[in-house]
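Breakdown of the fold
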Amino acid sequence: MKRFMNIAAIAALLLGLGACHKDDTSSANNSSQGENTLKNSVTRPFSAHTTGTIAIVYSEDNECYPYFPQVQFIGTGTGTHIGNHSSEWYVCTNEQQGLEGPFHGTFTAANGDEIHFSQPDPSVFTIDEYGNVTGEFDIIGGTGRFEGATGHINTTGVDDFVNMTFDINSEGTITY
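Only a predicted model underlies this, so the values are computations on that prediction, with no experimental measurement involved.

1. Examining a nonpolar patch on the surface
- On the surface, Ile56, Ile127 and Phe161 cluster together into a nonpolar patch covering about 280 Å² of accessible area.
- For Ile127, the location among the structural elements is in strand β6 (residues 126-127).

Listed below in C-alpha cells is the structure:
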C-alpha cells in the first residue's frame, strides 16, 4: 500500500508540473509572429571586425541622388552574436569630400538576422591623412533575434581611398 501511495504521489507531481508547461506554439513563444514579449532583454558586449571594398556611386538608385554621390562600404567579417556576417554601410558625400546626412549600416548574420545601425550626425567621424578613421553608431533595431535591438558601438580602422578598401573594428554593447 505504501508503494502505491508513493507512485500516486509521483504521478500527481508529474501531472502538476505538466499542467504548468506552456505550449511552445503560443504566440508569446513564437518569434515568427512578432516580438517575444516573454523574452528578457539583456545588454551584452558587442565586437566585430569587418573588411571590404569602398565604392562611390552617383545613381538615382540611392538616397543621395541627385545632390550628392553615395559612399558604399560593402564587406564581410566576424562578430560576437552574429558570427560570420556581411555588412553594408552607406553615407552621402559632398563636393568637398565631407560626409553629408545620416550614415546607415547593417550587419547580416549567416542565418539572415540583421542588426541595423545609424548615425544622424556625420561630424562624429574623423579621418586623418593616412585613412585612420573613428566613429560611432547607435543600434536602432534589426530582424530575427535582433528585432527591437538597441545599443551603441565605436568604430576604428582604416579607409583606404587609394585602393578603395576598408578594415574596421567595432566595439560596444547591444541589448536584445
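2. Some words on the layout of surface pockets
- Estimates place the volume of the largest pocket at around 650 Å³.
- Taken together, 31 residues form the lining of the largest pocket, with Phe73, Ile127, Val133, Asp159 and Phe161 sitting closest to its centre.
- Of all elements in the fold, only β1 (43-57), β2 (70-79), β3 (83-93), β4 (99-109), β6, β7 (132-142), β8 (150-160) and β9 (165-175) reach the threshold of two or more residues within the lining of the largest pocket.
- In the lining of the largest pocket, the residues fall into 16 nonpolar, 12 polar and 3 charged.

3. Topic: the packing of aromatic side chains
- According to the stated counting rule, one finds 13 aromatic pairs in the structure shown.
- Aromatic pair Trp89 and Phe137: ring centres 4.7 Å apart, planes at 55°, arrangement tilted. Residue Trp89 is located in strand β3, and its partner Phe137 is located in strand β7; the two are separated by 48 residues in the primary sequence.
- With a centroid separation of 5.0 Å and 40° between ring planes, the pair formed by Phe103 and Phe125 is classed as tilted. Separated by 22 residues along the polypeptide, Phe103 in strand β4 and Phe125 in the loop between β5 (114-119) and β6 bring together distant segments of the chain.
- In this structure Phe125 comes out as buried when scored by relative accessible area, which is 17%.
- One aromatic cluster in this structure is built from Phe46, Phe73, Trp89, Phe103, Phe107, Phe117, Phe125, Phe137 and Phe166.
- Taking NZ or CZ as reference, Arg44 lies 4.0 Å from the ring centre of Tyr176, over its face.

4. A short note on the nonpolar core
- Counting residues in hydrophobic clusters, the biggest one holds 24 residues, and the most contacted among them are Phe46, Phe73, Trp89, Phe107, Ile115, Phe117 and Ile174.
- At the level of elements, β1, β2, β3, β4, β5, β7 and β9 are the ones that each hand at least two residues to this core.
- The contacts of Phe46, once residues within four sequence positions are left out, are Thr80, His81, Ile82, Phe107, Ile115, Phe117, Ile153, Ser170, Glu171, Gly172, Thr173 and Ile174.

5. Considering the state of the cysteines
- Following the criterion strictly, the structure yields 1 disulfide and no others.
- Paired through a disulfide, Cys64 and Cys92 show a sulfur-sulfur distance of 1.9 Å. Taking the sign of the torsion about the S-S bond as the criterion, the disulfide between Cys64 and Cys92, at about -90°, is left-handed. Linking Cys64 in the loop between β1 and β2 with Cys92 in strand β3, this pair joins segments that are 28 residues apart in sequence. Side by side, Cys64 and Cys92 carry an identical accessibility label, which is buried.

Basis of the calculations
Residues numbered from 1 in each chain as written. Predicted model: local features only at pLDDT ≥ 70, side-chain atom pairs only at ≥ 80, totals over all residues. Heavy atoms only, no water. Patch = residues over 30% accessible without salt bridge, like charges linked within 9 Å, V, L, I, M, F, W, Y side chains within 5 Å. Areas by Shrake-Rupley, 256 points an atom, 1.4 Å probe, with all protein chains shown as cover. Salt bridge = Lys/Arg side-chain N within 4 Å of Asp/Glu carboxyl O. Helix = DSSP H or I, 4+ residues; strand = E, 2+ residues; numbered from the N terminus. 1 Å grid on protein atoms, 1.4 Å probe; cavity = no way out; pocket = protein on both sides within 12 Å on 5 of 7 lines; lining within 4 Å. Points joined across faces, edges and corners; volume = space filled by probe spheres on them. Nonpolar A, V, L, I, M, F, W, Y, C, P; charged D, E, K, R; others polar. Phe/Tyr/Trp six-rings, centres within 6.5 Å; stacked < 30°, edge-to-face > 60°. Buried < 20%, exposed > 50% of the residue type's maximum accessible area, 1.4 Å probe, protein only. Lys NZ or Arg CZ within 6 Å of the ring centre and 35° of its normal. Core = buried A, V, L, I, M, F, W, Y, C linked by side-chain atoms within 4.5 Å. Contact = heavy atoms within 4.5 Å. Disulfide = S-S within 2.5 Å.

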